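So you can see what is in the structure, the chains are spelled out below.
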There are 2 protein chains.
Amino acid sequence: MCPSCEPEAAANANGNGHTNGTSNGTNGSNGTNGHPGFTAVQTKSNPHQHRSNPYQPVGDFLSNVNNFKIIESTLREGEQFANAFFDLPKKIEIAKALDDFGVDYIELTSPAASEQSRLDCEEICKLGLKAKILTHIRCHMDDARIAVQTGVDGVDVVIGTSSYLMEHSHGKDMTYITNTAIEVINYVKSHNIEIRFSSEDSFRSNLVDLLSIYSTVDKIGVNRVGIADTVGCASPRQVYDLIRTLRGVVSCDIETHFHNDTGCAIANAYCALEAGATHIDTSVLGIGERNGITPLGGLMARMIVADRDYVIGKYKLHKLKDIEDLVAQAVEVNIPFNNYITGYSAFSHKAGIHAKAILNNPSTYEIINPADFGMTRYIHYASRLTGWNAIKSRANQLQIEMTDAQYKECTESIKALADIRPITLDDTDSIIRAFQRNLKLGKTKTADLLPNMTDEEQAVLAKKERQIDIPEKRELDIAAEIPLAKKANQGVTA
Amino acid sequence: MCPSCEPEAAANANGNGHTNGTSNGTNGSNGTNGHPGFTAVQTKSNPHQHRSNPYQPVGDFLSNVNNFKIIESTLREGEQFANAFFDLPKKIEIAKALDDFGVDYIELTSPAASEQSRLDCEEICKLGLKAKILTHIRCHMDDARIAVQTGVDGVDVVIGTSSYLMEHSHGKDMTYITNTAIEVINYVKSHNIEIRFSSEDSFRSNLVDLLSIYSTVDKIGVNRVGIADTVGCASPRQVYDLIRTLRGVVSCDIETHFHNDTGCAIANAYCALEAGATHIDTSVLGIGERNGITPLGGLMARMIVADRDYVIGKYKLHKLKDIEDLVAQAVEVNIPFNNYITGYSAFSHKAGIHAKAILNNPSTYEIINPADFGMTRYIHYASRLTGWNAIKSRANQLQIEMTDAQYKECTESIKALADIRPITLDDTDSIIRAFQRNLKLGKTKTADLLPNMTDEEQAVLAKKERQIDIPEKRELDIAAEIPLAKKANQGVTA
């Protein structure tokens, strides 16, 4: 089968990311027919296409990658980000945006942290959002008493269980922790409020202690237990093993919270879901203590590849960028250039072979369809890494038709000029236009194809032309109408 | 055992991250003695401490997490980043910096990409670096002929093997790919140059095709085979499974290349090493096509947690920030605020319980010791999330001694003021100083503790004081010497 003679339509029909996670049978098949320029021999198609690649996800009763909930913690973990100071109007704005996006829960800073934190918590509970409102407290009756009075739908209780935290943070042992947990849980449950019990620093805690306390709190009826990689040390296979073990010990839901110090926060969330976790903590742009936690946008990028229908059906993905802009502005940071989905370069393609293939079918080099998030892809034509297929495509956009040999010659000129200095899309367009015009006039000289060259650059180019043997030397034609272009980063276009 | 009565010394002795990957026996033990303020009951120590947590890494003959090589591709993959234009002097500067850092290989753009790319390749080969120089070419004899003339130590050959790329990129079938690969490999080997053969888009390729061609090229003597997640779709457990399978099929080294579109590039590299891969491709800040690949710094963060001795012994970690600054400047991007290790917030601690524990022992909330990278940790005292232990510590730094009850009262004042607006470290210091001075004078009023308040803020605070019942109201004392502080982000300090 040929997934795309009409690239965009095919990409949408195949669902882009969709072709990876939930197979439509094209994965691994290499037969084809009728695609212009396609030269491969037709081979026998695989009668068991769904099994053609054992590394495709298969149905797994443990896995929740197509059925997970988000606990959005920008207003709790995110408030622990170095720059964060959210006043009540900003908290309300963020909470409403997250609710509109479709998150299942919104977690707020403990009402015991400060008086204003308590008042904010009460106000957000009164908004009547679809998302359930949680607050996050220490495992302590004083905090629990304050929390249940705020009007929250649920309380997330946490206490450190690693030797580090037992010694250097709260100084309590497991017996004390267990007894306090039971008291707090029963108290919160008596107010008909959802309750989660989480360890902190779970991956540096004693496994027997962990399973023991989770088993205890499960029996007394917590809604969720939580596993937290508080210091960001866990690796994906550790996460899978621990969650899978825990899945066999408790019957309640399993929430997970992953810090990103060692770059595994998204991957660990994914592996946790594969092992049977039900809830993932996120924050917008991942903001939180240190370099933060699983980012909402990054999790969307991961999960849309696993189950596009579920993610698109549940979350308003086209609002992601607005939410990120809102939070970035509130905490005074820039969106990282390489941010998932919304970053400057997330859908930029540059090398010639990439650009060529993307023009044929975006699924070749994109696992996520930018249109699913209201984003656009960009193809760099204007660099030394460009190729003649990309230039041909750009020329056609400019309604310029030449022979393939002429496109190739034009491309060589562009690459020679791009070797000297960064060139912009305007430069490239000018060169294509001038090249064609000069062809018609029967004359050209490479230097004249590039506008706004300095004398020094002209000299370098002249030297290069001697080196690389430009096919023909023709006389000067001043291209008076070629526009000037100044900035290298304009060399990016849709 | 008690890991730290002297926090910093203990953190260094324990090696911070070190306590996670390669156990020193403290993981999972919860016995202790003699730590001031520690109240837990002494429990029996576990005689099998190394087995106390099955989620610690154990010795595994497959794993190369403590024996891996880096193929640094900033000058190849990185040149495909949207903004990248490296002229020869910049390429030389970057290559020398990477060589000094200690990377094993430096990969360069194909000399077939443009004439200048070829000349640059030749010049970098002449530098006489310790790192081996590679260039990256299409699986094509034309490219191979150019590459072997440049003086490189090795050639990285790549060809797309997914149905997407076979149809929409090069248009060749597996028979053609295999035959060309054999021709190119034999040709490069005949020049006594290292050769790697890699598929492209490996995770959307037919497994049987992959194993077949890798087996073939292994038999004819390639130095490495490469697995590339070109579109960034792979998940950690897929990676582990594929690499482990491949490890049983080929005897040569295994190189891996992971894009970060779905946030798994670092985690996938780690799982690849666990499964027996030998080489990881990186670029500085991860720059590359779209949002890039496994970042050099992020990989260091991950690997120092797995084997601190290996990473510290092999790489000049304190030069990481300089290299990132060099490349960021060259491609005109900002270092992301949440960048691994070098980001603005990578070692910032804010919540009260975090700050308190970090002051006791940094390993409580840090899996990486910032000093290993020449970085510094920051503790936020100046926020509504602060706690009295953090304020006590800050007061002691200012050589101010009060009773615990007084620290707590002072902290309540700071939190009340931080509820009204962002406060800076200067604000906090001023409040602590004024609070103590007023105690001595027997008079205080909360509003006067905070300098530079507007009339509006004074009014809000007055209202708050009525709400929260500040213990004592005392008369005004103008704190004339309190410095003004303007910017909220000054509220961060070492």
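Residues numbered from 1 in each chain as written. Chains lettered and ligands numbered in written order. Predicted model: local features only at pLDDT ≥ 70, side-chain atom pairs only at ≥ 80, totals over all residues. Heavy atoms only, no water.

As named in an unreviewed UniProt entry, chain A is homocitrate synthase, taken from Lachnellula hyalina. UniProt, in its Catalytic activity (unreviewed entry) section for chain A, records the words "acetyl-CoA + 2-oxoglutarate + H2O = (2R)-homocitrate + CoA + H(+)". Per UniProt, the comment on chain A under Pathway (unreviewed entry) is "Amino-acid biosynthesis; L-lysine biosynthesis via AAA pathway; L-alpha-aminoadipate from 2-oxoglutarate: step 1/5." (UniProt positions renumbered as here; feature names shortened; annotations may be inferred.)

Caption draft 1: Up close: the sheet that holds strand β1 (residues 69–72) of chain A. All names here are of chain A. Strand order around the closed barrel formed by 8 strands is β1-β2-β3-β4-β5-β6-β7-β8, with parallel pairing between neighbours. Across the sheet, the axes of successive neighbouring strands diverge by a mean angle of 25 degrees, strand direction being ignored. In the packing of helix α7 (residues 174–190) onto the sheet, contacts are made with β4 (154–160) and β5 (194–200), and the angle to β5 comes to roughly 160 degrees. (Pairing = 2+ DSSP bridges. Helix = DSSP H or I, 4+ residues; strand = E, 2+ residues; numbered from the N terminus. Axes fitted to C-alpha atoms, helices over the stretch in contact; angles between N-to-C directions. Contact = heavy atoms within 4.5 Å.)

Caption draft 2: Inspection of the side chain of threonine 342 of chain B at higher detail. All names here are of chain B. The residue threonine 342 is located in the loop between α13 (320–330) and β9 (348–349) in this model. On the accessibility criterion, threonine 342 (8% relative accessible area) is buried. At 2.5 Å, the side chain of threonine 342 forms a polar contact with the side chain of glutamate 324. Apart from the residues within four sequence positions on either side, threonine 342 is in contact with Leu320, Lys321, Glu324, Ile335 and Met375. (Buried < 20%, exposed > 50% of the residue type's maximum accessible area, 1.4 Å probe, protein only. Polar contact = N/O pair within 3.5 Å; in protein donor to acceptor, adjacent residues only side chain to side chain.)

Caption draft 3: Quick look at helix α8 (residues 207–219) of chain B. All names here are of chain B. Helix length check: α8 (13 residues) gives 18 Å between terminal C-alpha atoms against 18 Å at 1.5 Å per residue, within 8%. Within the sequence span of α8, burial applies to Leu207, Asp209, Leu210, Leu211, Ile213, Tyr214, Ser215, Val217 and Asp218. Here the buried face of α8 lies against α7 (174–189), β5 (194–200), β6 (224–229) and α9 (236–247). The backbone nitrogen of valine 208 has a side-chain oxygen 2.8 Å away, supplied by the residue at the start of α8, namely asparagine 206. (Expected span 1.5 Å × (residues − 1).)

Caption draft 4: The pattern of salt bridges, seen in detail. Overall, the coordinates contain 62 salt bridges over all chains when judged by the stated rule. Two residues, aspartate 261 of chain A and arginine 290 of chain A, come together in a salt bridge whose shortest N-O distance is 2.8 Å. Here aspartate 261 of chain A, found in the loop between β7 (253–258) and α10 (265–274), pairs with arginine 290 of chain A, found in the loop between β8 (279–282) and α11 (296–306); they are 29 residues apart in sequence, far enough to count as distant. By relative accessible area, arginine 290 of chain A is classed as buried at 1%. The shortest N-O distance in the salt bridge between arginine 224 of chain B and glutamate 194 of chain B comes to 2.9 Å. You can see arginine 224 of chain B sitting in strand β6 and its partner glutamate 194 of chain B sitting in strand β5, a full 30 residues away along the chain. (Salt bridge = Lys/Arg side-chain N within 4 Å of Asp/Glu carboxyl O.)

Caption draft 5: Local environment of the packing of α9 of chain B against helix α10 (residues 265–274) of chain B. All names here are of chain B. Direction vectors running N to C along α9 and α10 enclose 30 degrees, while the axes themselves pass 8 Å from each other. Here α10 runs roughly parallel to α9, going by the angle between their axes. α10 is crossed by α9, and the crossing has right-handed handedness. On α10, the residues touching Pro236, Val239, Tyr240 and Ile243 of α9 are Ala267, Asn268, Cys271, Ala272 and Glu274. Tallied by class, the residues present in the contact of α9 with α10 amount to 7 nonpolar, 1 polar and 1 charged. (Parallel < 35°, antiparallel > 145°, perpendicular 65-115°, else oblique. Left-handed = near helix turned anticlockwise from the far one by under 90°. Nonpolar A, V, L, I, M, F, W, Y, C, P; charged D, E, K, R; others polar.)

Caption draft 6: Spotlight on the pairing of β7 of chain A. Residue and element names in this part refer to chain A. Of all the 6 residues making up β7, 5 are buried; the element is thus mostly covered by neighbouring parts of the structure. The sheet contact formed by strand β6 (residues 224–229) and β7 spans 6 bridges and is parallel. When the sheet's bridge partners are listed, arginine 224 is paired in β7 with aspartate 253. Following the chain from β6 across helix α9 (residues 236–247) to the adjacent parallel β7, one finds a crossover that is right-handed. Taken together, the 2 bridges between β7 and β8 define a ladder with parallel strand orientation. Bridged to threonine 256 within β8 is isoleucine 280. Handedness of the crossover joining β7 and β8 through α10: right-handed. (Right-handed = clockwise from strand over helix to strand, strands pointing away.)

Caption draft 7: Representation of the UniProt feature "domain: Pyruvate carboxyltransferase" (unreviewed entry) in chain A in the model. Per the UniProt annotation, the sites labelled "domain: Pyruvate carboxyltransferase" (unreviewed entry) are residues 68–321 of chain A. Between the first and last C-alpha atoms of residues 68–321 of chain A the distance is 22 Å; the span itself is 44% helix and 18% strand.

Caption draft 8: Region of the structure containing the sheet that holds strand β7 (residues 253–258) of chain B. Residues and elements named next belong to chain B. Taken in spatial order, the 8 strands of this closed barrel run β1-β2-β3-β4-β5-β6-β7-β8, and their pairing is parallel. Neighbour to neighbour, the strand axes of the sheet diverge by 25 degrees on average, direction disregarded. Relative to β5, strand β4 (residues 154–160) runs parallel, the two sharing 7 bridges. Residue pairing for β5: valine 158 is matched across the bridge by serine 198. Its contacts with the sheet put α9 on β6 and β7, and the angle it makes with β7 is roughly 160 degrees.

Caption draft 9: Representation of the packing of helix α16 (residues 404–420) of chain B against helix α17 (residues 425–441) of chain B. All names here are of chain B. Interhelical geometry of α16 versus α17 gives an angle of 135 degrees and a closest axis separation of 10 Å. By the criterion of interaxial angle, the relationship of α16 to α17 is oblique. Both α16 and α17 take part in a crossing whose hand is right-handed. Between α16 and α17, the contacting residues are Gln406, Glu409, Cys410, Ser413, Ile414 and Leu417 on the first element and Thr428, Ile431, Ile432, Phe435 and Leu439 on the second. Tallied by class, residues from the contact of α16 with α17 come to 7 nonpolar, 3 polar and 1 charged.

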